[in-house]
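Residues per chain, in single letters:
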Amino acid sequence: MGIRGLMSFVEDHSNEFFTDLKLRDTKIIIDGYALFHRLCFSSDLDLQYGGDYDSFADVVQKFFESLFACKICPYVVLDGGCDISDKKLTTLKDRAREKIQMAHSLSVGSGGYVCPLLIREVFIQVLNRLQVPFVQCFSEADRDIMTLANHWNCPVLSSDSDFCIFDLKGGFCPLNSFQWRNVSTIKGTGDRYIPAKCFSLDALCRHFSNMNKALLPLLAVLCGNDHVNLPVVETFLSKVRLPPGAAGSKGRRHHRVLGLLNWLSHFAGPAEALNQVLKQLPKKSRGDVRELLCCSMEEYLQSQVKLQDFFQHGAYSCPDACGLGLPQWVLAALARGQLSPFISDALVLRRTILHTQVENMQQPNAHRVSLPIRQVIYGLLANASPRLEDTSGNAPPPQPLAFREVERFHKNIKTSIVAAVELPKDHCDLSRLTELSVASRQALLLEALKVRPAVLDPVPASLKLPIAVSCYWLQQAEAKTRRASAGSVPWRCARSCRGPGRRRARGWTWTRPTPSASGSAVCRWGCTLTSCWPHLSWSPTSPACTVGAWHTGCAAAC
């Protein structure tokens, strides 16, 4: 989520609303999505050529080493798939269009911020290697993060302005003032700490006439967040006379935030304020608007999910997920991050949003090359549970054994209907898929890649997956593309002379592609590798699905 203008507003008043912290010897709940974006975009990484994954992995490791040095125990919480109601679909499509424009800007040598395709998987790999506890929620993680932080009375680390609305006992530390690169020492004790700033909700409320904290969720929906962007809210704002003093703030967003805070501070509670909002609207729309605003305000209430049970006992239980009748192994794999949110979106909504990449916008998007693999995945998911038939909200129902994909089309997006592959009967029951023999599951993966097992017999174990992906990619590539880029994906690899014990001492280095034809080819190669990852969670091609092989694949995609 995110509230327009709120974060920059409170940061412009940091002296009033923030306190300085010397963070040490504590648990901390980390918004994983916010963290890997922050580390990716603030570390001078190359975002143009498919992903500077080794450098990114180094940055992530150094970040957590700083925490460990200060006896800070991190617990990382990652967002999962979309909400079952799919109520953020319009917002997600708008963001997809924005990412396409930024990706185009990067592709022609200008600026922009688009996470490389495999960043999230590399981030999870580093968490596993460092044994940092993490969980992937079934849907959006904000409420689960708030509930866990209050249970443990510890701070939250994020860049999401929604944490300025949640009443957090241990406070909210914004990432942009979290000085993890500047670990300091307390004089006389030798104890190490990270300088940080902590947002105080109490200070904010005191500043605005000791306003009731319960009014802040209404502030969020009136300012505009990912769930509410109604013209009727603009109608209210145009009619209500906001208190004076707002004009001195920076820009219209700060005018709105400050004006609404001053206005809300005159009410005893949210019910009274909400009634005043509705009075400014036409009578015929008041009932629907009340329902929407109340529903959106509930997004700031405590979650029913108890993440402490997962971190302490390995048990993850989400009421929304449990009600869908999904196989237990699928729910466990999602919680452990072994299956991506792509899978939960496909399962629950029969709809996926394909990741935007930096590529030639005049060519078909790179995900097209891996469509046959995704069709096999959709075939595996098609009959997951009869309870999933009515979960896609108001969206038109997809065809039988078909899924919708939101993908790039030139510099815009389009929704395509993709037919799932009909699989043999023994593969149609998702709940029993892991009961198949390893040989059967390996055969399913290799059949999807159109690779004969004998081809991989002489290949070193750590390279079986990248080579199998490359075989598939070469079969799909046009002749001109094969000639132009066959040397830029895994083929232009050279033996390195790294010494034993080095973290990346795997014997191979990979050359960077050029930004022309081979750059687009690498995008297609990376899409193929990413599409194979769900297969590996239920089709363990040991040892090709080890973390080492995954890192090798990520390096190859550079």
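Residues numbered from 1 in each chain as written. Predicted model: local features only at pLDDT ≥ 70, side-chain atom pairs only at ≥ 80, totals over all residues. Heavy atoms only, no water.

Enquirer: It is not clear to me how empty space enclosed by the protein should be interpreted in this structure. Could you clarify?
Expert: Rolling a probe over the atoms, with the probe sized like a water molecule, indicates the empty space that remains. Inspection of the entire model under this criterion finds 5 cavities of 30 Å³ or more. Quantified by volume, the largest cavity comes out at close to 120 Å³. Along its surface, the largest cavity is lined by 14 residues, and Gly 50, Gly 51, Pro 116, Leu 117 and Gln 357 are the ones closest to its centre. Residues of the lining of the largest cavity, tallied by class, amount to 9 nonpolar, 5 polar and no charged. (1 Å grid on protein atoms, 1.4 Å probe; cavity = no way out; pocket = protein on both sides within 12 Å on 5 of 7 lines; lining within 4 Å. Points joined across faces, edges and corners; volume = space filled by probe spheres on them. Nonpolar A, V, L, I, M, F, W, Y, C, P; charged D, E, K, R; others polar.)

Enquirer: How do you make sense of the packing of helix H17 (residues 341-349) against helix H18 (residues 371-381) when you look at a structure like this?
Expert: Packed helices, taken two at a time, are described by the angle between their axes plus the distance between the axes. Between H17 and H18, the least distance of the axes is 10 Å, while the angle of their chain directions is 55°. In terms of axis orientation, H17 runs oblique to H18. Crossing geometry of H17 relative to H18 is assigned as right-handed. Taken together, the residues of H18 that come into contact with H17 (itself represented by Phe 342, Ile 343, Ala 346 and Leu 347) are Arg 374, Ile 377, Tyr 378 and Leu 381. (Axes fitted to C-alpha atoms, helices over the stretch in contact; angles between N-to-C directions. Helix = DSSP H or I, 4+ residues; strand = E, 2+ residues; numbered from the N terminus. Parallel < 35°, antiparallel > 145°, perpendicular 65-115°, else oblique. Left-handed = near helix turned anticlockwise from the far one by under 90°. Contact = heavy atoms within 4.5 Å.)

Enquirer: Just checking my understanding: could you explain the side chain of Asp 160 for this structure?
Expert: Along the polypeptide, Asp 160 turns up in the loop between strand E5 (156-158) and strand E6 (172-174). Despite being buried, Asp 160 has no salt bridge partner; Arg 95 is the closest side chain of opposite charge, sitting 7.4 Å away. A polar contact is formed between the side chain of Asp 160 and the backbone nitrogen of Asp 162, at a distance of 2.9 Å. (Buried < 20%, exposed > 50% of the residue type's maximum accessible area, 1.4 Å probe, protein only. Lys, Arg positive; Asp, Glu negative; His and termini not counted. Salt bridge = Lys/Arg side-chain N within 4 Å of Asp/Glu carboxyl O. Polar contact = N/O pair within 3.5 Å; in protein donor to acceptor, adjacent residues only side chain to side chain.)

Enquirer: Sorry, what's going on with the nonpolar core here?
Expert: Across soluble globular proteins, nonpolar side chains have a tendency to be buried as a group. Ile 29, Phe 138 and Tyr 316 are the most contacted members of the largest nonpolar core, which has 102 residues in total. Per-element accounting of this core gives the leading share, 7 residues, to helix H9 (residues 216-223). Those residues in contact with Ile 29 that lie beyond four places of it in its chain are Tyr 75, Val 77, Ile 145, Leu 148, Ala 149, Trp 152, Cys 154, Pro 155, Val 156 and Leu 157. Core analysis: the next-biggest nonpolar cluster, separate from the first, contains 72 residues, Val 60, Ala 103, Leu 127 and Leu 456 among them. (Core = buried A, V, L, I, M, F, W, Y, C linked by side-chain atoms within 4.5 Å.)

Enquirer: Help me out: how do you make sense of the pattern of salt bridges in this one?
Expert: Pairs can form between side chains of opposite charge whenever their charged atoms are close. The final tally for this structure, using the stated rule, is 12 salt bridges. Two residues, Lys 213 and Asp 167, come together in a salt bridge whose shortest N-O distance is 3.4 Å. Placement of the pair is Lys 213 in the loop between helix H8 (201-207) and H9 and Asp 167 in the loop between E5 and E6, with a sequence separation of 46 residues. According to the relative accessible area criterion, Asp 167 is partly exposed, its value standing at 42%.

Enquirer: Just checking my understanding: could you explain the sheet that holds strand E9 (residues 351-353) for this structure?
Expert: Across a sheet, paired strands are connected by hydrogen bonds in the backbone, their directions being either parallel or antiparallel. Across the sheet, 3 strands lie side by side as E9-E10-E11; this open sheet has mixed pairing. Whereas interior strands pair on both sides, the edge strands pair on one side only; in this sheet they are E9 and strand E11 (412-419). Taken pair by pair, the neighbouring strands of this sheet meet at an average axis angle of 25°, ignoring direction. By the bridge criterion, 3 bridges tie E9 to strand E10 (residues 402-409) in an arrangement that is parallel. Paired with Thr 352 across the strands is Glu 405, a residue of E10. Lying on the sheet, helix H5 (residues 89-107) is in contact with E9, E10 and E11; it crosses E11 at an angle near 115°. Sheet strands in contact with H17 are E9 and E10, and its direction is about 150° off that of E9. (Pairing = 2+ DSSP bridges.)

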